[in-house]
Amino acid sequence: MSDEFVVALHGASKLALNHGYRLVRVKADGRSGGDLITGFLADGKVLGRPCDVLHTGRDSFLFTDDKSGVIYRVRPKR
């Protein structure tokens, strides 16, 4: 992921916008790399709001969810 960044899209306060609530990849040149983690908004119900990302290693990072008040650790499956 050295040529990409992980960005948390917190989510709009107006649910009808149906925007955000996911983590995405953004390439170093600004182009979209696509969705990385989704599922925080389902059938109009907010299940989580990803907030911040902290890179912790070559292929791992932490991200916070300020709706649930938790920190997730993401790393390759061993």
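Everything here concerns the structure above.
Analysis parameters
- Residues numbered from 1 in each chain as written.
- Predicted model: local features only at pLDDT ≥ 70, side-chain atom pairs only at ≥ 80, totals over all residues.
- Heavy atoms only, no water.
- Pairing = 2+ DSSP bridges.
- Helix = DSSP H or I, 4+ residues; strand = E, 2+ residues; numbered from the N terminus.
- Axes fitted to C-alpha atoms, helices over the stretch in contact; angles between N-to-C directions.
- Buried < 20%, exposed > 50% of the residue type's maximum accessible area, 1.4 Å probe, protein only.
- Polar contact = N/O pair within 3.5 Å; in protein donor to acceptor, adjacent residues only side chain to side chain.
- Contact = heavy atoms within 4.5 Å.
- Core = buried A, V, L, I, M, F, W, Y, C linked by side-chain atoms within 4.5 Å.
- Salt bridge = Lys/Arg side-chain N within 4 Å of Asp/Glu carboxyl O.

### Regarding the sheet that holds strand β7 (residues 60-65)
Thought 1: Taken in spatial order, the three strands line up as β6-β7-β8 in an open sheet, and their pairing is antiparallel. Looking at which strands have only one partner, the edges of the open sheet turn out to be β6 (50-57) and β8 (70-74). Direction aside, neighbouring strands of the sheet carry axes that sit 20 degrees apart on average.
Thought 2: One ladder, built from five bridges, connects β6 with β7; its direction is antiparallel. Across the sheet, G57 pairs through a bridge with S60, a residue of β7.

### Focus: the pairing of strand β3 (residues 32-37)
Thought 1: Two strands pair when backbone bridges link them, and strand β2 (residues 22-27) and β3 are joined in this way by four bridges, in the antiparallel orientation. In the strand pairing of β3, R25 is matched with G34.
Thought 2: Turn length for the β2-β3 hairpin, with the two strands adjacent in sequence and antiparallel, is four residues, and the turn residue G30 shows positive phi of about 95 degrees.

### Observations regarding the side chain of E4
Thought 1: Note that E4 resides in strand β1 (residues 4-9).
Thought 2: Owing to a relative accessible area of 18%, E4 belongs among the buried residues under this scheme.
Thought 3: Of note is the side chain of E4, whose polar atom sits 3.5 Å from the side chain of K27.
Thought 4: In contact with E4, not counting residues within four places along its chain, are R25, V26, K27 and G33.

### Describing the nonpolar core
A general tendency of soluble globular proteins is for nonpolar side chains to be buried together.
Thought 1: In terms of nonpolar packing, the biggest core is built from eight residues, these being V6, A8, Y21, L23, F40, V46, F61 and F63.
Thought 2: Put simply, the parts of the chain that give this core at least two residues each are β1 and β7.
Thought 3: Contact partners of V46, with chain neighbours within four places excluded, come to L15, Y21, F40, L41 and K67.

### Some points on the pattern of salt bridges
Thought 1: Taken as a whole, this structure holds five salt bridges when the rule is applied.
Thought 2: Between E4 and R25 there is a salt bridge, and its shortest N-O distance comes to 3.7 Å. Residue E4 is found in strand β1, and its partner R25 is found in strand β2; the two are separated by 21 residues along the sequence.
Thought 3: Judged by relative accessible area, which is 26%, R25 ranks as partly exposed.
Thought 4: For D35, the salt bridge goes to R22, with nearest N and O atoms at 2.7 Å. With D35 in strand β3 and R22 in strand β2, the pair connects residues that are 13 residues apart, well separated along the chain.
Thought 5: Through salt bridges that share partners, E4, R25 and K27 make up one connected network.

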